[in-house]
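Here are the chains, one letter per residue:
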Amino acid sequence: MRATALIVAAGTGERLGAGVAKAFAVLAGEPLLFHAARAFAGSESVTDVAVVLPGHAGGTLRDDVARLLRRAGVAEPILCPGGATRQESVSRGLEHCGAGVELVAVHDAARPLVSPRLIDRTVAALVPPWDAVAPGLPVAETVKVVDPTRQAVLRTIDRQGLWTVQTPQVFRRVTLARVHARIATSADAATDDLSLVERAGGRVRLIEGERRNLKVTFPGDLELAEALLRGGG
Ligand code: CTP
Ligand code: MG
């Protein structure tokens, strides 16, 4: 089945502190958004790419982004403004993906090293009885709960069965629109879209992700991504 990619790029990137919205921080000479968009352009299962931009993005920035995306191989990018939270940005992006769209692959621009193969594997995994699929990885390190003020360890969590989750996260458009419509207050907020489907009682599955599909969050992550790009092409 064919999917529309919904790349959320409207965050400010506080933790990265690059001085620009994170999607426009530079990795190996190109913005993170360029790298992510190029992977979707190179995938076989994705036909259209929509990008959610910072809300204040004016006409000039939009034109620049459209050019950047064409250079990345996206012939006709769909652009729309995001919201104050990631979840709002996904909602706004969804409204811009036409009703004719069957599958949506939501991806963080903050994951520039996603590969076309991982995208295609994830889209292909959305088969009955699953309502949502994403790549993930079993936790390799010991996980502890820490009190945020004193950093005192409160307890250790058994990592057996714990996975971290990546993007792209793939859904039927109607499923994703339905769970987003259920969000009533900020207390319903979630940091990913799978959680919304889980809460609604949907069947959610993780497939084996890729270690190199890391999320650029903190300053050192850019160097790590750059080293991976150099080493692995
Ligand atoms: N995002 C978005 N709209 C927001 C917040 C986040 O589109 N209002 C996007 C970001 O652009 C990013 C993805 O969601 O691609 C994951 O969010 P995160 O890594 O938290 O990015 P930021 O919110 O930009 O970073 P920070 O939390 O450090 O400010
Ligand atoms: Mg954030």
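## Thoughts on unusual backbone geometry
Turning to step 1, where the next piece is worked out: Here the residue pair Pro128 and Pro129 is connected by a cis peptide bond, since its omega of 5° sits within 30 degrees of zero.
Turning to step 2, where the next piece is worked out: Residue placement: Pro129 occurs in the loop between helix H4 (116-124) and strand E7 (132-138).
Turning to step 3, where the next piece is worked out: Looking along the chain, the bond that leaves Thr167 and enters Pro168 is cis, with omega of 15°.
Turning to step 4, where the next piece is worked out: Tracing the chain through its elements places Pro168 in the loop between strand E10 (163-165) and strand E11 (169-172).
Turning to step 5, where the next piece is worked out: Positive phi, close to 50°, is recorded for Ala28, a residue that is not glycine.
Turning to step 6, where the next piece is worked out: Along the polypeptide, Ala28 turns up in the loop between strand E2 (26-27) and strand E3 (30-31).
Turning to step 7, where the next piece is worked out: Classification of Ala28 as partly exposed rests on a relative accessible area of 42%.

## Things to note about the packing of helix H3 (residues 86-96) against helix H5 (residues 173-181)
Turning to step 1, where the next piece is worked out: Where H3 meets H5, the axes come as close as 11 Å, and the angle between the chain directions of the two elements is 135°. Accordingly, the angle class assigned to the pair H3 and H5 is oblique. Of the two possible hands of crossing, H3 and H5 adopt the one that is left-handed. For the pair formed by H3 and H5, the contact residues are Gln87, Val90, Ser91 and Leu94 on the first element and Arg173, Leu176, Ala177 and His180 on the second.
Turning to step 2, where the next piece is worked out: Here the residues of the contact of H3 with H5 sort into four nonpolar, three polar and one charged.

## Observations regarding the site of ligand 1
Turning to step 1, where the next piece is worked out: Residues in close proximity to ligand 1 total 18 residues, the closest being Val8, Glu14, Arg15, Lys22 and Ser89.
Turning to step 2, where the next piece is worked out: Within the backbone of Glu14, one N or O atom sits 2.8 Å away from an oxygen atom of ligand 1.
Turning to step 3, where the next piece is worked out: Here a nitrogen atom of ligand 1 and a backbone polar atom of Gly83 are 2.9 Å apart.
Turning to step 4, where the next piece is worked out: A total of 560 Å² of accessible area belongs to ligand 1 in isolation, and the protein chains cover 87% of it.
Turning to step 5, where the next piece is worked out: Here ligand 1 occupies the largest pocket.
Turning to step 6, where the next piece is worked out: Class assignment for the residues of the shell around ligand 1 results in six nonpolar, six polar and six charged.

## Some points on the packing of aromatic side chains
Turning to step 1, where the next piece is worked out: Evaluation of the coordinates by the stated rule reveals zero aromatic pairs.
Turning to step 2, where the next piece is worked out: In this structure, Arg15 packs its charged tip against the face of Phe218, placed 5.8 Å from the ring centre.

## Description of helix H2 (residues 59-71)
Turning to step 1, where the next piece is worked out: Look at H2: 18 Å from first C-alpha to last across 13 residues, which is about the 18 Å you get at 1.5 Å a residue.
Turning to step 2, where the next piece is worked out: Of the surrounding secondary structure, the elements contacted by the buried residues of H2 are E3, helix H1 (32-42), strand E4 (46-53) and strand E5 (78-81).
Turning to step 3, where the next piece is worked out: Looking one or two residues past H2, Gly73 carries a phi angle of roughly 105°, positive in sign.

## Considerations on the layout of surface pockets
Turning to step 1, where the next piece is worked out: Here the largest pocket defines a volume of roughly 920 Å³.
Turning to step 2, where the next piece is worked out: Every residue lining the largest pocket is counted, 33 residues in all, and those nearest its centre are Arg15, Lys22, Asp108, Ala110 and Lys215.
Turning to step 3, where the next piece is worked out: Of all elements in the fold, only H3, E10 and helix H7 (219-232) reach the threshold of two or more residues within the lining of the largest pocket.
Turning to step 4, where the next piece is worked out: In the lining of the largest pocket, the residues fall into eleven nonpolar, 13 polar and nine charged.
Turning to step 5, where the next piece is worked out: The wall of the second largest pocket is formed by Leu137, Pro138, Val139, Ala140, Glu141, Thr164 and Arg211.
Turning to step 6, where the next piece is worked out: Class assignment for the residues of the lining of the second largest pocket results in four nonpolar, one polar and two charged.

## Thoughts on the state of the cysteines
Turning to step 1, where the next piece is worked out: The final tally for this structure, using the stated rule, is zero disulfides.
Turning to step 2, where the next piece is worked out: Of the cysteine sulfurs around Cys80, a residue in no disulfide, the closest is that of Cys97, at 7.6 Å.
Turning to step 3, where the next piece is worked out: Cys97 sits in the buried class, given a relative accessible area of 4%.

## Focus on the pairing of E11
Turning to step 1, where the next piece is worked out: Where strand E6 (residues 103-108) and E11 come together, four bridges link them in antiparallel fashion. If you follow Val104 over to E11, its bridge partner there is Phe171.
Turning to step 2, where the next piece is worked out: Direction of pairing for E7 relative to E11: antiparallel, over a ladder of two bridges. By the bridge assignment for E11, Val133 is matched with Val170.

Analysis parameters
Residues numbered from 1 in each chain as written. Chains lettered and ligands numbered in written order. Predicted model: local features only at pLDDT ≥ 70, side-chain atom pairs only at ≥ 80, totals over all residues. Heavy atoms only, no water. Helix = DSSP H or I, 4+ residues; strand = E, 2+ residues; numbered from the N terminus. Buried < 20%, exposed > 50% of the residue type's maximum accessible area, 1.4 Å probe, protein only. Axes fitted to C-alpha atoms, helices over the stretch in contact; angles between N-to-C directions. Parallel < 35°, antiparallel > 145°, perpendicular 65-115°, else oblique. Left-handed = near helix turned anticlockwise from the far one by under 90°. Contact = heavy atoms within 4.5 Å. Nonpolar A, V, L, I, M, F, W, Y, C, P; charged D, E, K, R; others polar. Near = heavy atom within 4 Å. Polar contact = N/O pair within 3.5 Å; in protein donor to acceptor, adjacent residues only side chain to side chain. Areas by Shrake-Rupley, 256 points an atom, 1.4 Å probe, with all protein chains shown as cover. 1 Å grid on protein atoms, 1.4 Å probe; cavity = no way out; pocket = protein on both sides within 12 Å on 5 of 7 lines; lining within 4 Å. Sits in = over half its atoms within 2 Å of the grid points. Phe/Tyr/Trp six-rings, centres within 6.5 Å; stacked < 30°, edge-to-face > 60°. Lys NZ or Arg CZ within 6 Å of the ring centre and 35° of its normal. Expected span 1.5 Å × (residues − 1). Points joined across faces, edges and corners; volume = space filled by probe spheres on them. Disulfide = S-S within 2.5 Å. Pairing = 2+ DSSP bridges.

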